[in-house]
Amino acid sequence: MDIYSFFNSRDVADYLRGEKHEFTAAEAAYVVYRSETATLDEKLSAWQEIVDTMPDCPVCRSALDPHFRRDYKSEHQFLREYIFIKKLMLRKFMDDEGGVYMLHELRFTPETAIRYGRDEHSLWTEGVSDPYSSFDKCVDSLRHDDEGAPEYDRYRIAKCEIDGGCTAGCVTLDEQFRVLGVTCSHRDASDYEYVDAHLCCAFLELPIPFKSGDIVIDRTARDPRPFVFDCLKFWDSAALAEHGHVLSAEQAEKADKHVANWRAKGSKDDSCMPAMGWSLAPGSMTGLSDPCFLAYDPFGACHNYLDLEYYREPLKGELRLLEVASRWARGEIDLVFAVNNAALISAETRAAKLRSEMEREYREGI
């Protein structure tokens, strides 16, 4: 199994390959779980291969999380049950009895979003369709609607109960209409969610290539936006220094004490895996009257650092503020110069938006 093919970020995968990182069974299982492009069949095969070929190890999850109702003794034990339950969930979803199938959500391709004049960061939209008596009929209708150049690359189909209209589960499909994942109904959640939580709430501490000041993006996010990377919340002073932070002795001692206290509590899950940094405040991307400004997100500019990749596109308009923050974070410019540059970019961006709005109103008035 090529574990690196399951990473959402090629940059993280290439770095770990270069580092010759040796994955545990629990780490490999989590990486497979996080994949946005692998089909459910590919994931099930990969999890089975982990059981068959990799040494067993403890599950990587928080022992203090109340969601974990089962005390799994090993990753192999957990994966065997997880594979069985995922197959059962899909089989129950595909069972035509007691429900109808309807399109729930769609995700525009980035090219389609730009062509339609949508905000390129708002790719998901609510789906509306007639009810279908079978999953295959619902998918066939989507294939017919998407003939030619594809406008969408993700689909979510919900199974709804005929009486009451409650959702009885949801399946996510890729642009080729292959099943990527399945979730259960709220009614059945108590039967399945505890086993799902072992993977979705797992905690991994892996090396990454990003340093303070790098401009990165999580393209798996619902609203992917580039931001200036700063650090990870579980890094001690040595890791911070390695990734571009110059700390005084007092700052290093404080950082190490904080990390030591956190590790002593033993409550680690994926809430400890966000990346922190500077990003454009949401209002500055949309409103004409709002000035564009940067905000530091101490809770996580992205949910999971393993999904980050370098942002390689040109920085235009208000995104030029990220370059200012990047240079300041790297120590290339001082704070006064950074603030003045940010103010200039904000004024230029506001003037460009105002000019565009006035020209549009003038054309419509003619």
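Attention here is on the structure that accompanies the text. Keep in mind that this is a model prediction, so the values were computed, not measured.

This part takes up the sheet that holds strand β1 (residues 99-108). On the basis of which strands lie adjacent, the open sheet formed by five strands has the order β2-β1-β3-β4-β5 and antiparallel pairing. The sheet terminates laterally at β2 (124-126) and β5 (179-183), the two strands that pair on one side only. Adjacent strand axes in the sheet meet at a mean angle of 25°, parallel and antiparallel pairs treated alike. Taken together, the nine bridges between β1 and strand β3 (residues 152-161) define a ladder with antiparallel strand orientation. Bridging across to β3, Y101 finds its partner in K159.

This part covers the packing of helix α2 (residues 25-34) against helix α4 (residues 75-94). A pair of packed helices is characterised by two quantities: the angle between their axes and the separation of those axes. Put simply, α2 and α4 touch, their axes get as near as 10 Å, and they point 30° apart. Taken together, α2 and α4 sit at an angle that is classed as roughly parallel. For α2 against α4, the interelement crossing comes out left-handed. Contacts between α2 and α4 involve A25, A26, A29 and Y33 on the former and, on the latter, E75, L79 and Y82. A breakdown of the residues in the contact of α2 with α4 according to their chemical character gives six nonpolar, no polar and one charged.

Another aspect to go through is the packing of aromatic side chains. Scanning the entire structure with this criterion turns up 21 aromatic pairs. With a centroid separation of 6.0 Å and an interplanar angle of 75°, the aromatic rings of F93 and F135 are classed as edge-to-face. You can see F93 sitting in helix α4 and its partner F135 sitting in helix α6 (residues 135-145), a full 42 residues away along the chain. A connected cluster of aromatic rings, assembled from ring pairs, spans F108, Y152, Y155 and F177. In this structure, R17 is placed above the aromatic ring of Y4, and the distance from its NZ or CZ to the ring centre is 4.5 Å. In this structure, R156 is placed above the aromatic ring of W124, and the distance from its NZ or CZ to the ring centre is 4.1 Å.

Taken together, the side chains of W328, L335 and V339 define a hydrophobic patch exposed on the protein surface, amounting to about 290 Å² of accessible area. You can see W328 is positioned in helix α10 (residues 320-329). Residue class for W328 comes out partly exposed when judged on its relative accessible area of 35%.

What counts and what doesn't
- Residues numbered from 1 in each chain as written.
- Predicted model: local features only at pLDDT ≥ 70, side-chain atom pairs only at ≥ 80, totals over all residues.
- Heavy atoms only, no water.
- Pairing = 2+ DSSP bridges.
- Helix = DSSP H or I, 4+ residues; strand = E, 2+ residues; numbered from the N terminus.
- Axes fitted to C-alpha atoms, helices over the stretch in contact; angles between N-to-C directions.
- Parallel < 35°, antiparallel > 145°, perpendicular 65-115°, else oblique.
- Left-handed = near helix turned anticlockwise from the far one by under 90°.
- Contact = heavy atoms within 4.5 Å.
- Nonpolar A, V, L, I, M, F, W, Y, C, P; charged D, E, K, R; others polar.
- Phe/Tyr/Trp six-rings, centres within 6.5 Å; stacked < 30°, edge-to-face > 60°.
- Lys NZ or Arg CZ within 6 Å of the ring centre and 35° of its normal.
- Patch = residues over 30% accessible without salt bridge, like charges linked within 9 Å, V, L, I, M, F, W, Y side chains within 5 Å.
- Areas by Shrake-Rupley, 256 points an atom, 1.4 Å probe, with all protein chains shown as cover.
- Salt bridge = Lys/Arg side-chain N within 4 Å of Asp/Glu carboxyl O.
- Buried < 20%, exposed > 50% of the residue type's maximum accessible area, 1.4 Å probe, protein only.

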